[in-house]
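Chain residues, written in single-letter form:
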Amino acid sequence: MNLIPPDTIDMQDGELIYDANFLNGIEADNLLHTLTDEVNWRQDCIRLFGKEHLIPRLQCFQGDPGISYLYSNLKLDAESWHPALQQLKNRLVEPCGTNFNAVLLNLYRNGQDSMGWHSDDEPELGQNPTIASISLGEERRFLLRRKDEHNLKREIVLQHGSLLVMRGTLQHFWQHSVPRTQKPRKPRINLTFRHVL
Ligand SMILES: O=C(O)CCC(=O)C(=O)O
Ligand SMILES: [Mn+2]
């Protein structure tokens with residue numbers, strides 16, 4: 001897909017807006033290195049069908065004091081904001097029209113790290129959440145498929161420094177994923193800013 005930023009992708013239900021150059025190259029490089037070194041990255045376990053599994057990536061949840069998020073049966077209590085992310089959050093208010101109070105950080109160490117099909121539809125995100133997703137580092141494929149018609153798909157290659165906004169009824173009708181790949185891939189960090197009720 002070749003998009004001129006920022007662009008709205010036709011989704012039928014829900015809105016998807018992509019800005020390939022939200023951060024300039026230097027900002028994106030600096031943020032990638034700072035977060036790689038300074039975030040308390042952890043590999044959590046989730047319980048699926050009674051079995052414990054290590055999630056295939058590292059993560060960290062940050063936000064305002066007292067916020068927690070129940071995600072795949074895993075309760076994440078927000079750590080305090082990294083100052084760089086608090087600043088970034090403030091820059092998102094205008095383009096997104098929302099104030100975020102938390103961010104989920106994911107570190108995909110290589111092509112084997114991934115995120116399976118899901119929607120960001122936890123009750124604590126409210127009815128029609130706006131989610132702002134910033135990508136840093138290696139480009140990875142971000143796929144969407146309709147819940148009622150899995151063959152109907154969209155694909156975006158999320159670039160270093162890009163912003164993808166998901167909003168409206170998108171999470172009701174679409175799932176998204178970051179598939180694993182056999183190709184060698186350098187690390188990638190993704191930040192999803194959310195408003196947790
Ligand atoms: O890494 C990505 O681009 C997607 C992350 C995601 O879907 C999530 O954190 O819920
Ligand atoms: Mn998601």
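Shown above is the structure to which this text applies.
Residue indices begin from 1 for each chain and proceed along its sequence in written order. As they are written, the chains are lettered A onward and the ligands numbered 1 onward, keeping that order. Given that the model is predicted, a residue must reach a pLDDT of at least 70 before its local features are reported, and side-chain atom pairs must reach 80 or more before they are shown or counted; all residues, however, enter totals for whole chains, interfaces and linings.

### A few points about the overall build of the protein chain
Worth spelling out the cut-off: Helix and strand definitions follow DSSP, with helices as H or I runs of at least four residues and strands as E runs of at least two, each counted in order from the N terminus. Computation of the radius of gyration draws on C-alpha atoms alone. For the globule rule, the value is 2.2 Å times the number of residues to the power 0.38. Residues with at least 20 neighbouring C-beta atoms inside 10 Å of their own are called buried, those with 12 or fewer are called exposed, and the rest are partly exposed, where every C-beta is derived from the backbone.
The number of helices and strands found in the protein chain is 3 helices and 15 strands. Computed over its C-alpha atoms, the radius of gyration of the protein chain comes to 16 Å, within 12% of the 16 Å expected for a compact globule of 197 residues. Summarising its shape, the C-alpha atoms of the protein chain cover approximately 45 × 40 × 35 Å along the three principal directions. Among the 197 residues that make up the protein chain, the fraction classed as buried is 32%.

### A closer look at helix α2 (residues 83–96)
Using the following cut-off: Here, expected helix span is obtained from the residue count minus one, scaled by 1.5 Å. Residue pairs are scored as contacts if the distance between their C-beta atoms, which are placed from the backbone, is within 7 Å.
In this model, α2 (14 residues) spans 20 Å end to end at C-alpha, consistent with the 20 Å of a helix rising 1.5 Å per residue. Burial in α2 covers these residues: Leu85, Leu88, Lys89 and Leu92. Each element contacted by the buried residues of α2 is listed here: β5 (58–63), β8 (102–108), β10 (131–137) and β15 (188–194). The positive-phi residue at the C-terminal boundary of α2 is Gly97, with phi of around 65°.

### Structural notes on the pairing of strand β4 (residues 51–54)
The side chains of a regular strand alternate, residue by residue, between the two faces of the sheet. This is how the line gets drawn: Strand pairing is assigned whenever DSSP identifies at least 2 bridges connecting the two strands.
Examined bridge by bridge, strand β3 (residues 45–48) and β4 share 4 bridges and lie antiparallel to one another. Bridge assignment links Ile46 to a residue of β4, and that residue is His53. Counted along the chain from β3 to the antiparallel partner β4, the turn is 2 residues long, and its residue Phe49 has a positive phi close to 50°.

### Things to note about the site of ligand 1
As a reminder, the rule being used: To decide nearness, the C-beta atom of each residue is placed from the backbone, and the residue is near a molecule or strand if that atom lies within 6 Å of it.
Around ligand 1 sit Leu104, Asn106, Met115, Asp120, Ser133, Phe142, Leu158, His176, Val178, Asn190 and Thr192, and that is every residue in its neighbourhood. Of all the secondary structure elements, the ones that give two or more residues to the shell around ligand 1 are β8, β14 (174–178) and β15.

### Some details on the sheet that holds strand β1 (residues 7–9)
Basically, it comes down to this: All axes here are fitted lines through C-alpha atoms, helices being fitted over the stretch that makes contact, and every angle between N-to-C directions spans 0 to 180 degrees.
Taken together, 7 strands build an open sheet; the order of strands is β1-β2-β13-β10-β15-β8-β5 and the sheet is antiparallel. Pairing within the sheet leaves two strands with one partner each, and these edge strands are β1 and β5. The average undirected angle you get between the axes of adjacent strands in this sheet is 20°. Pairing of β10 with strand β13 (residues 162–167) involves 5 bridges; the strand directions are antiparallel. Directly across from Ile134, in β13, lies its bridge partner Leu163.

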